[in-house]
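One-letter residues, chain by chain:
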Amino acid sequence: MTTDAIDTAALDRALERLAATERLLIALDFDGTLSPIVPRPEEARALPEADEALQALVAAPDTTVVLVSGRSMASLEHVSGSPAHVLLVGSHGAEVKDDDGVHVELDDDERGRREALHRALESAVADHDGVWVEGKPAGFAVHTRRASDEAASAARAAARSAVEGIDGLTEREGKGVLEFAVKATSKGDSLRTLRESTGATGVLFAGDDVTDEDGFAVLGEGDLGLKVGPGETAAAYRVDDPAAVAGLLARLAALRAAR
Ligand SMILES: [Mg+2]
């Protein structure tokens, strides 16, 4: 499907159906969906029309609005301005902020494994100069950027061998950092949890990026998946850009309020 082929009539019918659902969950990616992509990520802001529509939606009955982002919670709070009564989900689902504050979504088993991971990593890197361990919502990161190449590689090997006995770890290596997490989070997992906790009977999920496909994959009948911009997608509908998303959210708010 190309963007030329956007069927606005079909999308409008889908919006009308969704607006009539009993409990509505609106889950939105931030960058490239509510905010245009900008060169400096910390300067990204939702379009004013999008912010306005979000406020209208949170005021609508039986409607929950949530921003689901790959950004860390601190970063998502900064760029979104943490709008009132809008749930925030950061780090692809590992961090959740509601009206009561920020929670890290770990069960008892995951918390136990995170503690074991912490102990294992601290002792593994203790003897390596310029290497330190940083806490992450669902795990820990071993930083090596201040270490010599040799020390960094020795520290990585020591860290990997120290965590061998801990089940279900996800490993991610970046520049000067090796991260271990006790749970693999995705926008799909996040949407499933949100659907359950809100008792939603219909879900709108909108996103522009590859990681949003995990979200589209868990949508079902009565939901509406909205891909923003070009690219392969499992979403049933598509719009061109954040301005079109803002227009669609305003339309949904009006329909929901009139229901
Ligand atoms: Mg995005």
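These notes cover the structure that comes with them. (Residues numbered from 1 in each chain as written. Predicted model: local features only at pLDDT ≥ 70, side-chain atom pairs only at ≥ 80, totals over all residues. Heavy atoms only, no water.)

1. Notes on the pairing of strand 8 (residues 170-174)
Note the cut-off: One bridge is not enough; two strands pair if DSSP finds at least two bridges between them. For helices the rule is a DSSP run of H or I covering at least 4 residues; for strands it is a run of E covering at least 2, with both sets numbered from the N terminus onward.
Strand direction decides the pairing type here: strand 8 and strand 9 (residues 177-181), joined by five bridges, are antiparallel. Paired with Glu-171 across the strands is Phe-180, a residue of strand 9. Counting the residues between successive antiparallel strands, the hairpin from strand 8 to strand 9 contains two residues, one of them, Gly-176, with a positive phi of roughly 70°.

2. A look at the sheet that holds strand 2 (residues 63-68)
The strands making up a sheet associate through hydrogen bonds between their backbones, and the pairing can be parallel or antiparallel. The line we're drawing: Angles here are taken between N-to-C directions and fall from 0 to 180 degrees, while the axes themselves are lines fitted to C-alpha atoms, restricted in helices to the stretch in contact. The contact criterion used is simple: two residues touch if any of their non-hydrogen atoms lie within 4.5 Å.
Read across the sheet, eight strands follow the order 5-4-3-2-1-10-11-12 without closing on themselves; strand pairing throughout is mixed. At either margin of the open sheet sits one strand with a lone partner, and together these are strand 5 (101-104) and strand 12 (237-239). Each strand axis lies, on average, 20° off the axis of its neighbour in the sheet, ignoring direction. Of the strand pairs in this sheet, strand 2 and strand 3 (residues 87-90) are connected by three bridges, and their pairing is parallel. When the sheet's bridge partners are listed, Leu-67 is paired in strand 3 with Leu-88. Its contacts with the sheet put helix 2 (residues 48-59) on strand 1 (24-28) and strand 2, and the angle it makes with strand 2 is roughly 140°. Together, strand 1, strand 2, strand 10 (202-207), strand 11 (224-228) and strand 12 form the strand contacts of helix 8 (residues 242-258), whose direction differs from that of strand 1 by roughly 165°.

3. A look at the pairing of strand 7 (residues 139-143)
Stated precisely, the cut-off is as follows: Note on classification: 1.4 Å probe, protein chains only; a residue is buried when its accessible area is under 20% of the maximum for its type, exposed when over 50%, partly exposed between these limits.
Within strand 7, five of the five residues are buried, which leaves it mostly tucked inside the rest of the structure. Burial along strand 7 is two-sided: the residues Gly-139, Ala-141 and His-143 and Phe-140 and Val-142 are all buried. Two strands pair when backbone bridges link them, and strand 6 (residues 132-136) and strand 7 are joined in this way by five bridges, in the antiparallel orientation. For Glu-134, the partnering residue across the bridge sits in strand 7 and is Ala-141. As consecutive antiparallel partners, strand 6 and strand 7 are separated by two residues. Pairing between strand 7 and strand 9: five bridges, direction antiparallel. Among the inter-strand pairings, His-143 is bridged to a residue of strand 9, identified as Val-177.

4. Comments concerning the pattern of salt bridges
This is how the line gets drawn: By definition here, a salt bridge exists when the distance from a side-chain nitrogen of Lys or Arg to a carboxyl oxygen of Asp or Glu is within 4 Å.
Scanning the model with the defined rule gives 18 salt bridges in all. Close ionic contact of Lys-183 with Glu-110 constitutes a salt bridge, the shortest N to O distance being 3.8 Å. With Lys-183 in the loop between strand 9 and helix 6 (187-198) and Glu-110 in helix 4 (residues 108-125), the pair connects residues that are 73 residues apart, well separated along the chain. The closest approach of N and O atoms between Lys-136 and Glu-134, which form a salt bridge, is 3.8 Å. Judged by its relative accessible area of 27%, Lys-136 is partly exposed. One network of salt bridges, with partners in common, ties together Arg-156, Arg-160, Glu-171 and Glu-173.

5. Side note on the sheet that holds strand 7
One open sheet accounts for four strands, arranged 6-7-9-8; its pairing is antiparallel. Only two strands of the sheet have a single partner each, and these edge strands are strand 6 and strand 8. If you compare each strand with its neighbour and ignore which way they point, the axes differ by 20° on average. Contacts from helix 4 reach strand 6, strand 7 and strand 9, with the element oriented near 15° to strand 7. The strands touched by helix 5 (residues 149-162) within the sheet are strand 7, strand 8 and strand 9, with strand 9 carrying the most contacts at an inclination of about 10°.

6. Some points on the layout of surface pockets
Cut-off, in case you're wondering: Both site types are read off a 1 Å grid over the protein atoms alone. A 1.4 Å probe that fits but cannot get out defines a cavity, while an open set with protein on both sides within 12 Å along at least five of seven lines defines a pocket; lining residues have an atom within 4 Å of a point. Grid points are joined across faces, edges and corners, and a volume is the space filled by probe spheres set on the points. Under the grouping applied here, Gly and all other residues not named as nonpolar or charged are polar, the nonpolar ones being Ala, Val, Leu, Ile, Met, Phe, Trp, Tyr, Cys and Pro and the charged ones Asp, Glu, Lys and Arg. Domain start and stop points were drawn from an automatic or database domain assignment.
Considering only enclosed or pocket space, the largest pocket measures out at about 340 Å³ in volume. What lines the largest pocket is a set of 19 residues, among which Ser-91, Ala-94, Arg-172, Glu-179 and Thr-185 lie closest to the centre. If you list the elements that add at least two residues to the lining of the largest pocket, you get strand 8 and strand 9. The class makeup of the residues in the lining of the largest pocket is five nonpolar, seven polar and seven charged. Both domains that meet at the lining of the largest pocket, namely domain 1 (3-105 + 185-258) and domain 2 (108-181), each give it at least three residues.

7. Brief notes about the packing of helix 1 (residues 8-19) against helix 8
The axes of two packed helices give the description: the angle between them and the distance between them. Note the cut-off: Here roughly perpendicular refers to angles of 65 to 115 degrees, roughly parallel to angles under 35, roughly antiparallel to angles over 145, and oblique to all remaining angles. Each crossing gets its handedness from the near helix: less than a right angle anticlockwise from the far helix is left-handed, clockwise is right-handed.
Packing of helix 1 against helix 8 leaves a shortest axis separation of 9 Å and a crossing angle of 40°. The pairing of helix 1 with helix 8 is recorded here as oblique in orientation. For the pair helix 1 and helix 8, the crossing hand works out as right-handed. Of helix 8, the residues touching helix 1 (which contributes Leu-11, Asp-12, Leu-15, Glu-16, Leu-18 and Ala-19) are Leu-248, Arg-251, Leu-252, Leu-255 and Arg-256. For the contact of helix 1 with helix 8, the per-class residue count stands at seven nonpolar, no polar and four charged.

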